Amino acid sequence: MDRADYWNNAYQAKSDEQLSWYQPQSTLSLQLIDSLKLPSSAAIMDVGGGGPSALAGELLDRGFAGLSILDVSHDALERCRQRLGKRADQVTWLHTDITHFIPTHQYDLWHDRAVFHFLTPPADQATYIAAMQQGVKPAGHAIIATFAPDGPMQCSGLDVMRWSAEALAHAVGHAFVLVASIRETHQTPWGKPQAFTYCLFQRRTK
């Protein structure tokens, strides 16, 4: 089963509140985004932002007009579209695998909560990072949230790669500077704690 089919099946089988990564508010992501003081015209890419993610609505509430959401799952994108209602027309929807994504323009902010840690093969990690390097403007930012070193070893039946801030900074490479890292203990809807590492990077200008 390919990646798109796997995640479509996952979304067809469960409601938002039955998915382990569900959170009613994107508290930490929003804190980091607010700290950047981006203009409302900022171009923002949310990788894996379909499904139960509340971030799209929260960013629209803040007046951001350049939001793109990329997801491998058609069902995840449709679920997010339905939740946004008429406001879905304000979003650019990208149905593709991030490891096949070639950016056609650059973004002020690249956001990813819980996609990168599913990319366990080094080749997939490399293609993701290449897309991020191509897709983020010089002096732009990227927020990547993954399972921490003491986080789960699997999620949704798949093996994951757990990352420390230092290891993630090394993987991202010289094109980005690690600005900040924050640990979060996410509580699943059924009360199980999951340790996350959030990293804020800035794209070098040279």
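Within each chain, residue numbers correspond to sequence positions counted from 1 in written order. Side-chain atom pairs in this predicted model are given and counted only at pLDDT of 80 or more, local residue features only at pLDDT of at least 70, and totals for whole chains, interfaces and linings cover all residues. In computing side-chain values, all of the structure's heavy atoms are included and hydrogens and water are not.

## Focus: the overall build of the protein chain
Moving on, step 1. In DSSP terms, a helix is any run of H or I states spanning at least four residues, a strand is any run of E spanning at least two, and both are numbered starting from the N terminus. Helix and strand counts for the protein chain stand at six helices and nine strands.
Moving on, step 2. At 16 Å, the protein chain has a C-alpha radius of gyration in line with the 17 Å of a compact globule built from 206 residues.
Moving on, step 3. Think of it in three bands: residues with accessible area under 20% of the maximum for their type are buried, residues over 50% are exposed, and the middle band is partly exposed, with areas taken using a 1.4 Å probe on protein chains only. Residues classed as buried in the protein chain amount to 52% of the 206 residues present.
Moving on, step 4. What makes two residues a contact is simply this: any of their non-hydrogen atoms within 4.5 Å. Partitioning the contacts of the protein chain with sequence separation of at least 6, the portion at a separation of at least 24 is 70%.
Moving on, step 5. Neither His nor the chain ends is counted toward charge; the positive residues are Lys and Arg and the negative residues Asp and Glu. The location of each charge is read from NZ of Lys, CZ of Arg, CG of Asp or CD of Glu. With 17 positive and 20 negative side-chain charges, the protein chain shows a separation of 6 Å between the mean positions of the two kinds. We compute the radius of gyration over the C-alpha atoms and compare it with the globule rule, which gives 2.2 Å times the number of residues raised to the power 0.38.

## Quick word on the packing of aromatic side chains
Moving on, step 1. The criterion for an aromatic pair is that two Phe, Tyr or Trp rings (for Trp, the six-membered ring) have centres within 6.5 Å, with stacked assigned to planes under 30 degrees apart, edge-to-face to planes over 60 apart and tilted to the rest. The final tally for this structure, using the stated rule, is seven aromatic pairs.
Moving on, step 2. Ring geometry for F196 versus Y198: centroids 6.4 Å apart, planes at 50°, classification tilted.
Moving on, step 3. Whether a charge lies above a ring is judged from NZ of Lys or CZ of Arg, which has to be within 6 Å of the ring centre and within 35 degrees of the ring normal. In this structure, R113 packs its charged tip against the face of F196, placed 5.2 Å from the ring centre.
Moving on, step 4. Positioned above the aromatic ring of F176 is the side chain of R203, whose terminal nitrogen or guanidinium carbon lies 5.6 Å from the ring centre.

## Details of the packing of helix α1 (residues 3-13) against helix α4 (residues 74-84)
Moving on, step 1. The axes used here are C-alpha line fits, helices contributing only the stretch in contact, and every angle between their N-to-C directions lies in the interval 0 to 180 degrees. Two elements in contact, α1 and α4, have axes separated by 7 Å at closest approach and are oriented at 45°. One finds that α1 runs oblique with respect to α4. Touching N8, Y11 and Q12 of α1 are H74, D75, A76 and R79, all from α4.
Moving on, step 2. Each residue gets one of three labels, nonpolar for Ala, Val, Leu, Ile, Met, Phe, Trp, Tyr, Cys and Pro, charged for Asp, Glu, Lys and Arg, and polar for the others, Gly among them. When the residues that make up the contact of α1 with α4 are grouped by side-chain class, the tally is two nonpolar, three polar and two charged. To sort the angles, those under 35 degrees are grouped as roughly parallel, those over 145 as roughly antiparallel, those from 65 to 115 as roughly perpendicular, and the leftovers as oblique.

## Section: helix α5 (residues 122-135)
Moving on, step 1. Its 14 residues place the ends of α5 20 Å apart at the C-alpha level, agreeing with the 20 Å of an ideal helix rising 1.5 Å per residue.
Moving on, step 2. Among the structural elements, α1, β1 (43-47), β4 (107-113), β5 (136-147), α6 (165-172) and β8 (176-187) are those in contact with the buried residues of α5. What a helix should span is 1.5 Å times the count of its residues minus one.

## Structural notes on the pairing of strand β9 (residues 193-203)
Moving on, step 1. Of all the 11 residues making up β9, eight are buried; the element is thus mostly covered by neighbouring parts of the structure.
Moving on, step 2. At least two DSSP bridges between two strands are needed for those strands to be called paired. Alignment of β5 against β9, held across seven bridges, turns out to be antiparallel. Counterpart to A145 in the pairing with β9 is Y198.
Moving on, step 3. The loop that links β8 with its antiparallel partner β9 comprises five residues; one of these, G191, has a positive phi angle of about 85°.

## Observations regarding the pattern of salt bridges
Moving on, step 1. Any Lys or Arg side-chain nitrogen found within 4 Å of a carboxyl oxygen on Asp or Glu counts as a salt bridge. Under the criterion given, the structure shown has nine salt bridges.
Moving on, step 2. With a shortest N-O distance of 2.6 Å, D150 and R183 are connected by a salt bridge. Here D150, found in the loop between β5 and β6 (154-155), pairs with R183, found in strand β8; they are 33 residues apart in sequence, far enough to count as distant.
Moving on, step 3. For D150, a relative accessible area of 48% gives the class partly exposed.
Moving on, step 4. Counted as one network, the salt bridges with shared partners bring together R3, D97 and D124.

## Details of the sheet that holds β8
Moving on, step 1. One open sheet accounts for seven strands, arranged β3-β2-β1-β4-β5-β9-β8; its pairing is mixed. Unpaired on one side and paired on the other, β3 (92-95) and β8 mark the two borders of the sheet. Pairs of neighbouring strands in the sheet enclose a mean axial angle of 15°, with direction left out of account.
Moving on, step 2. Sitting on the sheet, helix α2 (residues 27-36) touches β4, β5, β8 and β9, and the angle it makes with β9 is about 15°.

## As for the environment of S15
Moving on, step 1. Within the secondary structure, S15 sits in the loop between α1 and α2.
Moving on, step 2. Look at S15 and you get partly exposed, because its relative accessible area is 32%.
Moving on, step 3. Through-space distance from the C-alpha of S15 to that of P52 is 8.5 Å; in sequence the pair is 37 residues apart.

## Focus on α1
Moving on, step 1. When α1 is considered as a whole, its buried residues turn out to be A4, W7, N8, A10 and Y11. Mapping the buried residues of α1 onto a view down its axis gives an arc of 160°, with all of them on the same face. Exposed and facing more than 90 degrees away from the buried side of α1 are Q12 and A13.
Moving on, step 2. If you follow the buried residues of α1, they end up packed against α4 and β7 (158-159).
Moving on, step 3. Two to three positions downstream of the cap, the backbone nitrogen of A4 sits 3.3 Å from a side-chain oxygen, assigning the N-cap of α1 to D2. What the arc measures is the spread of directions leading from the helix axis to the C-beta atoms. Between N or O atoms, a polar contact is any pair within 3.5 Å; within protein, one atom must be a potential hydrogen donor and the other a potential acceptor, and residues adjacent in sequence are included only when both atoms are from side chains.

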